[in-house]
Amino acid sequence: MTALATVPTAHPRPARPWRSVLRLQRGLLIVWSVIFTAGSGALLWAYGPGGSAAAAAWKTKCSVHGCDWSAPITNYHLARAAAEFLIAITPYVAAAAAGALIGRELENGTAGLAWTQSVSPTRWLATGLAVPAALLTAGTTVLVLLHRLLYDAHQVPVTWNWWSDRTFSANGTIALAYPLLGLAAGALAALLLRRAVPALVLGAVATALVHAVLGLARPHLWPWVTRTGSVSTGYNAPPNVLLGDQGAITATGAHVSDTCFTDRTCAKAFDVTGYYVDYHPASHFWPLQLMETGIVLGATALTLTLAFTLLRRRTA
Amino acid sequence: MTGTAAIEAAALGKRFGRRGGWALRDCAFRLPAGRVCAVVGPNGAGKSTLLALAAGLLAPTEGAISVLGTVPGAARERVAYVAQDKPLYPQLTVAETLRMGADLNTDRWDASVAQRVVADGDLNPKSRIRTLSGGQCTRVALALALAKRPELLLLDEPMADLDPLARHEMMGLLMAQAAEFGTTIVMSSHVVAELEDSCDHLLLIGGGRVRLAGEIDELLAAHVRVSAPAQTALEPHPVVESRTTGRQLSALLRPSTPLDTDWHTSKPSLEELVLSYLRNPEASAIETPETAA
């Protein structure tokens, strides 16, 4: 028999695949840092000097005759919209990047190069996802906190509602969960297709699909508050709420759609005794956020389980 | 032969896709440690699949393969593998590629080995991988493999894109590795002549099956090239190949008893042996005793 090539050391230094991930994805890392810094900068500017200028413009320009949108106000809203856009597209960018990069490694065989060093395929995928997940989560957390800071300062209130889609998505935990789902979807797409460009597309489309479905389901993830009004008061929804179903109440207490509108005689004919409106008050913000976050994280876990199972079945 | 086999396969099979054809089927062989083994066969015979299975890149569809006494996935640290197309990250420099090798390995990694292999090829560490020639890429891939100080080195068509001089250098490097550390080397090729001088063990694969496995010396000794008059009965010796030209019969036999003294016999070359088996798929597969799994 031959002698062993080496004598194993007592405490071997483990492999450090995360360093290799950072080295390989240096370009993306720089791009993400630049974009993240720009987004944070825009939010900080809007919170500080931009907001002050906009608020001053708001006070001087808004009169009983209406508002004049001056440049400071426009810039303020642009900065806010840009940051919200950045938070909104992060999941898609994550999905596309994960799909393309993992798909490319499988396509041209460099994944096999890593697996035949001392890193198992499972560990390779886990590291390849954990490093960007940590960076994305850190960056998005800062953006969300800055966005909340700006939102709470409430300096120029126009089109700034807690329930509007972009604002809701940028103000809480779902902004952290969706990028993780994107990464997982991109990874699964890459493992399924083993090619860069199709995986990029499939990852982004799958993320968009989940996002769209959950966007539709979003208001129904927490029980509505129902408020009723009499025939004389009519609809009686409080301000600054997310409105849901509304209609008329008949004498039997049934909720029916309101076909009469303000026509009193029509209402009498249909036996309308009052009106109801379903809504989410601002206090439902966190329950709605946490429910959706939970579902997104569940979907992420499921996607990752599928991805790892697939990888483990294919390799030894 | 006792001790741990470098590779041991039993009823090994691999099919790509549920309805795809079998790339490899019913493979059973044992490769003792410390050998330099040639995996020979025509294109598409299943050589690459076998090496990828041994490297733990693929899971077998049926049967089992063990590497250095364990499953391929558990032997990763001690096995090095260079794929046929030498995949490397094109955006990295040579030096960065070697640093990546250090990061992806435990402290078995010997940076000085990697640097020496690269330096011997006059490679600039600052060159990007995408600017290198095929031969230079092979050298970097080999540097990654050798710096692991592997007990088993799997090379899939390592010489395919090297010029004769580079081939010679590379073979020298590998033989030095085998001699110095007792590394078991398994390399595939469809050019038999390329491996004849440096290998002591043969694994002939054809049509996804093992056709011939054993020490090259023993395999050659077990076969005889025979010239005899036409219509000569060759029984009871198993015939690998026979051809009649005019009144002359020439055949490759695996004699089971002493041969008829009238026949004119000669020793076949390795290439003749391999070609005879490949031309005659119905000839039964043989394994020398020590490699029978």
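Treat the numbers as computed from the prediction; the structure is a model and nothing was measured.

**Some thoughts on the overall build of chain B**
Regarding its fold elements, chain B presents 8 helices and 14 strands. Against the 2.2 N^0.38 benchmark of 19 Å for 293 residues, chain B shows a C-alpha radius of gyration of 21 Å, consistent with a compact globule. By residue count, 55% of the 293 residues in chain B fall in the buried class. Summarising the internal contacts of chain B: among those between residues at least 6 apart in sequence, 70% fall at separations of at least 24.

**Description of the packing of aromatic side chains**
Residues and elements named next belong to chain A. Applying the stated criterion across every chain, the model contains 7 aromatic pairs over all chains. The interplanar angle of 55 degrees and the centroid separation of 6.5 Å between the aromatic rings of W162 and F168 together place this pair among those described as tilted. Neither W162 nor F168 differs from the other in exposure class; each is buried. Between Y235 and Y275, the aromatic rings sit 4.9 Å apart at their centres with planes inclined by 45 degrees, giving tilted as the arrangement. Residue Y235 is found in the loop between β1 (225-230) and β2 (242-250), and its partner Y275 is found in strand β4 (residues 272-280); the two are separated by 40 residues along the sequence.

**Some details on the pairing of β2 of chain A**
All names here are of chain A. Pairing geometry for β2 and β4, over 7 bridges, is antiparallel. Within β4, the residue paired with A248 across the bridge is Y275. Bridging between β2 and strand β3 (residues 255-256) involves 2 bridges; their strand directions are antiparallel. For A248, the partnering residue across the bridge sits in β3 and is V256. Hairpin remark: β2 followed by β3, antiparallel, with 4 residues in the connecting loop; positive phi at G253, about 90 degrees.

**Structural notes on the environment of L181 of chain A**
Residue and element names in this part refer to chain A. Here L181 lies in helix α8 (residues 174-193). For L181, a relative accessible area of 3% corresponds to the buried category. For the pair L181 and F270, spaced 89 residues apart in sequence, the C-alpha separation works out to 49 Å. If we skip the residues at most four places from it in the chain, L181 touches V210, V296, A299, T300 and T303.

**Looking at the domain arrangement of chain A**
Residues and elements named next belong to chain A. We note that the domain assignment places domain 1 (17-61 + 68-220 + 285-314) and domain 2 (225-283) within chain A. Just the C-alpha atoms count here: the centres of domain 1 and domain 2 sit 40 Å apart. Opposite the 8 residues of domain 1 that make contact, domain 2 presents 7 residues. Together, the buried faces of domain 1 and domain 2 total about 610 Å²; carbon and sulfur atoms form 56% of this surface. Its largest share of buried area at the contact with domain 2, domain 1 owes to W162, W163 and P219, together 68% of the area lost on that side. Counting across the interface, domain 1 meets domain 2 through 0 salt bridges. At the surface where domain 1 touches domain 2, the tally comes to 5 residue pairs in polar contact (both at pLDDT 80 or more).

**Re the nonpolar core**
Counting residues in each nonpolar core, the largest one holds 118 residues, and the members touching the most others are L125 of chain A together with I7, L154 and L202 of chain B. Looking at this core element by element, the count peaks at 8 residues for helix α4 (residues 134-146) of chain B. The contacts of L202 of chain B, once residues within four sequence positions are left out, are C37, A38, V40, L212, A213, G214, I216, L219, L270 and V274 of chain B. Core analysis: the second largest hydrophobic core is formed by 32 residues, A79, L86, I87 and W160 of chain A among them.

**Quick word on the interface of chain A and chain B**
Each side of the interface is counted separately: chain A has 38 residues, and chain B has 41 residues. For the pair chain A and chain B, the two sides together bury roughly 3300 Å², of which 54% comes from carbon and sulfur. Of all residues in chain A, R23, T116 and Q117 of chain A give up the largest surface area on contact with chain B, accounting jointly for 19% of the area buried on that side. Seen at the junction of chain A and chain B, the total is 4 salt bridges. Here R16 of chain A and D103 of chain B are joined by a salt bridge, their closest N and O atoms 3.8 Å apart.

**Observations concerning the environment of D156 of chain B**
All names here are of chain B. Secondary-structure assignment places D156 in strand β6 (residues 152-156). Given the relative accessible area of 2%, D156 is considered buried. Expressed as a C-alpha distance, the spacing of D156 and C199, which sit 43 residues apart in the sequence, is 15 Å. Dropping the residues within four chain positions of it, D156 is found in contact with S48, L51, Y81, V82, A83, Q84, K86 and S188. Within the local environment of D156, its side chain forms a polar contact with the side chain of S188, the two groups lying 2.8 Å apart.

**Brief notes about the pattern of salt bridges**
In this structure the tally under the stated criterion is 17 salt bridges over all chains. Across the salt bridge formed by R218 of chain A and E292 of chain A, the nearest N and O atoms sit 2.7 Å from each other. You can see R218 of chain A sitting in the loop between α9 (196-217) and β1 and its partner E292 of chain A sitting in helix α11 (residues 285-314), a full 74 residues away along the chain. By relative accessible area, R218 of chain A is classed as buried at 8%. For E292 of chain A, a relative accessible area of 0% corresponds to the buried category. In this structure, E169 of chain B and R139 of chain B form a salt bridge, with 3.0 Å as the shortest nitrogen-oxygen distance. Taken together, the residues E169 of chain B in helix α5 (residues 164-181) and R139 of chain B in helix α4 connect sequence positions 30 residues apart. Taking the relative accessible area as the measure of exposure, E169 of chain B reaches 41% and is therefore partly exposed. With relative accessibility at 9%, the residue R139 of chain B sits in the buried group.

**Looking at a nonpolar patch on the surface**
Judged by side-chain polarity, V197, L200, V201 and V205 of chain A come together as a nonpolar surface patch covering roughly 320 Å² of accessible area. Mapped onto the elements, V197 of chain A comes out in helix α9.

**Looking at the confidence of the model for chain B**
The share of residues in chain B with pLDDT of 70 or more is 96%, and the mean pLDDT across the chain is 88. Taken over the whole predicted complex, pTM reads 0.90, whereas the ipTM for its chain interfaces reads 0.89.

**Quick notes on the sheet that holds β3 of chain A**
Residues and elements named next belong to chain A. Pairing is antiparallel across the open sheet formed by 4 strands, whose spatial order is β1-β4-β2-β3. Both edges of this open sheet fall to β1 and β3, since each of them pairs with a single strand only. Where β1 and β4 come together, 6 bridges link them in antiparallel fashion. Pairing of T228 across the sheet is with Y276, part of β4.

**Regarding the side chain of K47 of chain B**
All names here are of chain B. With respect to the secondary-structure elements, K47 resides in helix α1 (residues 47-54). Buried and unpaired, K47 has E157 as its nearest opposite-charge partner, separated by 4.0 Å. If near-sequence neighbours (up to four positions away) are discounted, K47 is found in contact with V39, V40, G41, P42, E157, S188, S189 and H190.

Parameters at a glance
Residues numbered from 1 in each chain as written. Chains lettered and ligands numbered in written order. Predicted model: local features only at pLDDT ≥ 70, side-chain atom pairs only at ≥ 80, totals over all residues. Heavy atoms only, no water. Helix = DSSP H or I, 4+ residues; strand = E, 2+ residues; numbered from the N terminus. Rg over C-alpha atoms; globule rule 2.2 N^0.38 Å. Buried < 20%, exposed > 50% of the residue type's maximum accessible area, 1.4 Å probe, protein only. Contact = heavy atoms within 4.5 Å. Phe/Tyr/Trp six-rings, centres within 6.5 Å; stacked < 30°, edge-to-face > 60°. Pairing = 2+ DSSP bridges. Domains from an automatic or database assignment. Buried area = accessible area lost by both parts, 1.4 Å probe. Salt bridge = Lys/Arg side-chain N within 4 Å of Asp/Glu carboxyl O. Polar contact = N/O pair within 3.5 Å; in protein donor to acceptor, adjacent residues only side chain to side chain. Core = buried A, V, L, I, M, F, W, Y, C linked by side-chain atoms within 4.5 Å. Patch = residues over 30% accessible without salt bridge, like charges linked within 9 Å, V, L, I, M, F, W, Y side chains within 5 Å. Areas by Shrake-Rupley, 256 points an atom, 1.4 Å probe, with all protein chains shown as cover. pLDDT = per-residue confidence, 0-100. Lys, Arg positive; Asp, Glu negative; His and termini not counted.

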